[in-house]
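What follows is the residue order along each chain.
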Amino acid sequence: MVKKPRGECPGASACGHSPHTSEETPVYDHRRLGRELDLFDTDPLIGAGLPYWLPDGATVRHTLEEYIRGAERRAGYRHVYSPVLGKRELYEISGHWSHYSDDMFPPMDLGGEQVVLRPSLCPHHAVIYRSRAHSYRELPLRMAELGGMYRSELSGVLGGLTRVRAIQLNDAHIFCTLDQVADEARAALEMIRRAYRALGIEASRHRLSLPGPGGKYVAAPEKWSRATALLRDVLDRSGLPYEAAEGEAAFYGPKIDIQVTDAAGRESTLSTVQVDFHQPERFDLHYIGADGARHRPVMIHRSIIGSVERAVAHLIERHGGAFPAWLAPTQVVVLPITEAEWPGAEEVARRCADLGLRVEIAGPERGSLGARIREARLVPYQAVLGAREAAADHVALRLRDGRRLDARPADDVLARIAALVAAHAGELWAEKDAEG
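Residues numbered from 1 in each chain as written. Predicted model: local features only at pLDDT ≥ 70, side-chain atom pairs only at ≥ 80, totals over all residues. Heavy atoms only, no water.

J.: So what's going on with the overall build of the protein? Which residues, and what values?
T.: From N to C terminus, the protein includes 14 helices and 20 strands. In terms of C-alpha radius of gyration, the protein reaches 25 Å, essentially the compact-globule figure of 22 Å for 436 residues. For the protein, the C-alpha atoms occupy an extent of roughly 75 × 50 × 45 Å along the three principal directions. Considering the protein as a whole, with its 436 residues, one finds that 52% of them fall into the buried category. Relative to all contacts within the protein whose residues are 6 or more apart in sequence, the contacts with residues 24 or more apart total 71%. Looking at the protein as shown, the accessible area adds up to about 19,700 Å², and 51% of this sits on carbon and sulfur atoms. Across the protein, the mean location of the 55 positive side-chain charges is 2 Å away from that of the 60 negative side-chain charges. (Helix = DSSP H or I, 4+ residues; strand = E, 2+ residues; numbered from the N terminus. Rg over C-alpha atoms; globule rule 2.2 N^0.38 Å. Buried < 20%, exposed > 50% of the residue type's maximum accessible area, 1.4 Å probe, protein only. Contact = heavy atoms within 4.5 Å. Areas by Shrake-Rupley, 256 points an atom, 1.4 Å probe, with all protein chains shown as cover. Lys, Arg positive; Asp, Glu negative; His and termini not counted. Charge placed at Lys NZ, Arg CZ, Asp CG, Glu CD.)

Put into C-alpha cells, the structure is as follows:
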C-alpha cells in the first residue's frame, strides 16, 4: 500500500499551485518525466526503441486501453485477437510488401516459409472477415483490436515513446456498404472527439491526407478519387476546418488525420479515419446483398488514439504528469497525521479499493504532513485524517488544484470521487463550497 516517494512536482500549473501565465507555460519532455515519475524506461540490453513500462506507467496504459475498449463496445465494435506474425504472402496480397517493406523487419525463415513481424493489423482483419460468410444485414461490421505491430525504425529517429519499434495500436476496421461510409466515418470522428475531451487534450487541426508524387501509392485513380470525395464530404458536413496535405496518405487510400501539438510546437498524428477500396479487392472480400448477389464491402480504418505509446507520451507532456483523475496511477492518497490514525487510514484505503479507486497511504514515517502533501501533489485527491476526523469517520479532502474541503463523512467523499472517476470527468470536484 505504501510506495516510495514520487519526487517533486515537475510543474506547478499541472498540480494547481501557482498557475503559470500563458507566457510561462512549461514545456515538458515526456522522456524525462517518464523516468522521474517511474512510468517507463529503456535499457540497452533490451534494445533501442523498445521501452518497458513500470507499474505506474502500466497502470496508465491499462486504464487507457480499457477506456478505449469500453468506448468501442458501446459503439457496437466486436473485439478480436490476431497474431503479430504473418506469412510474407499475406503482406504481398495486402500491398504492404511492395509499398512498405522498407519499414518492415526482415522475413524469418521458418519451416520452408517466410514469416514477418506485422507492420499493420489490417491484413489480419481482412482475413478474419473473409473467414466467414456475411449478409448485408450484418453490415456495418465493426472489428476492433488493441494489438502489437512492429516498425523497423532507424536508430537515429527513435525517442522515448513517440518513435518506437514495438507498437501497441488501437486499431479498428469497419466493413460496410458504400452508402454507410459517411455515417460510419462521422461516428468515428465523434468517438475521437469524446475521447479527447475525457483525456483533456485538444486537436490542433484536422488534415485530409492525400497521395503525392512518387510510386509509394497504389495505382488506382478511380478508387482514390472516390475515397477522397467521401472524406471531403464527411469533413464538410461535420463542420470541421481542415487542410489538404499531399504526400501524407496511406499507400492504399486517403485519410483524415487528427493532429495534436505539444507545448514545444511539435505536431504529430494521433488519430485517423481512412477509406480503403484497395484491400477489399485484394483479399476478395464480399457480402451477400438483398438481391442475393455478391457485393464488395468498403473497408474503413479507424483509430481513436493511434498507438498507445504515442498517446501516453502526449498525455505526459500535455498534463505534466498530472493526469485526469480517472487515468492517474494513484487517485487517492490517505494522509494520517499521526501513527494513531493509521488504523483509520487503512479503513479509508480499504473502502477506496472496494470502490475500484487506486489508493496509497502516506504515513508520518515519510515526513511531516506538509512534506507528504507536497510529495503527493500529482495525486488528484488527498484525504487528510486527524484525530477528530478518525473519531467521526470523516476525512478532510484536499484537491490537486489547491482547493480544500471541510471534513465530511468519508463514505460521501469517496462515493463522489468514485462517481467522477467512473464518468471520466474532467473536473476534480463540482461543488462550489471547496475553499481556494
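J.: I'd like a rundown of the sheet that holds strand β17 (residues 359-361), residues and numbers included.
T.: Ordered in space as β17-β16-β18-β19-β20, the five strands form an open sheet in which the pairing is mixed. The open sheet terminates on both sides in strands that have one partner only, identified here as β17 and β20 (408-409). Pairing of strand β19 (residues 394-399) with β20, which is carried by two bridges, proceeds in the antiparallel orientation. Note that in β20 the partner of V395 across the bridge is R408. Against the sheet, helix α11 (residues 342-354) touches β16 (332-336), β17, β18 (381-385) and β19, its axis set at about 170° to β17. (Pairing = 2+ DSSP bridges. Axes fitted to C-alpha atoms, helices over the stretch in contact; angles between N-to-C directions.)

J.: Quick rundown of the environment of S303? Include the residues and the values.
T.: Among the structural elements, S303 can be located in strand β15 (residues 298-303). On the basis of relative accessible area, S303 is assigned to the buried category, the value being 5%. Put simply, S303 and D171 are 132 residues apart on the chain and 5.0 Å apart in space, counted from C-alpha to C-alpha. Not counting the four nearest positions on each side in its chain, S303 is found in contact with N170, I192, S271 and T272. Engagement of the side chain of S303 in a polar contact is seen with the backbone nitrogen of G306, the distance being 2.7 Å. (Polar contact = N/O pair within 3.5 Å; in protein donor to acceptor, adjacent residues only side chain to side chain.)

J.: Quick rundown of the pairing of strand β12 (residues 267-276)? Include the residues and the values.
T.: Counting buried positions along β12 yields eight of ten residues, so the element is predominantly enclosed. Bridge count between strand β11 (residues 255-261) and β12: seven bridges; the pairing is antiparallel. Counted as the bridge partner of K255 is Q274 from β12. Connecting β11 to the next strand, β12, in antiparallel fashion are five residues, including G265 with a positive phi near 85°. Pairing analysis gives five bridges linking β12 to β15, with the strands arranged antiparallel. The partner of Q274 across the bridge, within β15, is H301.

J.: Would you mind going over the pattern of salt bridges in detail, with residue names and values included?
T.: According to the stated counting rule, one finds 33 salt bridges in the structure shown. E309 is the salt-bridge partner of R61, the closest N and O atoms lying 3.9 Å from each other. In this pair, R61 is assigned in helix α3 (residues 55-74) and E309 in helix α10 (residues 308-319), connecting sequence segments 248 residues apart. Salt-bridge contacts for R266 lead to E317; the nearest nitrogen and oxygen are separated by 3.7 Å. In this pair, R266 sits in the loop between β11 and β12 while E317 sits in helix α10, placing the two residues 51 residues apart along the sequence. Here R266 falls in the partly exposed class, since its relative accessible area comes to 44%. (Salt bridge = Lys/Arg side-chain N within 4 Å of Asp/Glu carboxyl O.)

J.: How would you explain the side chain of H301 if you had to name every residue and give the values?
T.: Locating H301 in the fold gives a position in strand β15. Within the local environment of H301, its side chain forms a polar contact with the side chain of Y252, the two groups lying 3.4 Å apart. Side chain to side chain, H301 and D276 meet in a polar contact 2.9 Å long.

J.: Requested: an account of the side chain of T228, with residues and values cited.
T.: With respect to the helices and strands, the residue T228 is situated in helix α8 (residues 221-238). Apart from residues lying up to four places away in sequence, T228 is in contact with L208, L210 and P254.

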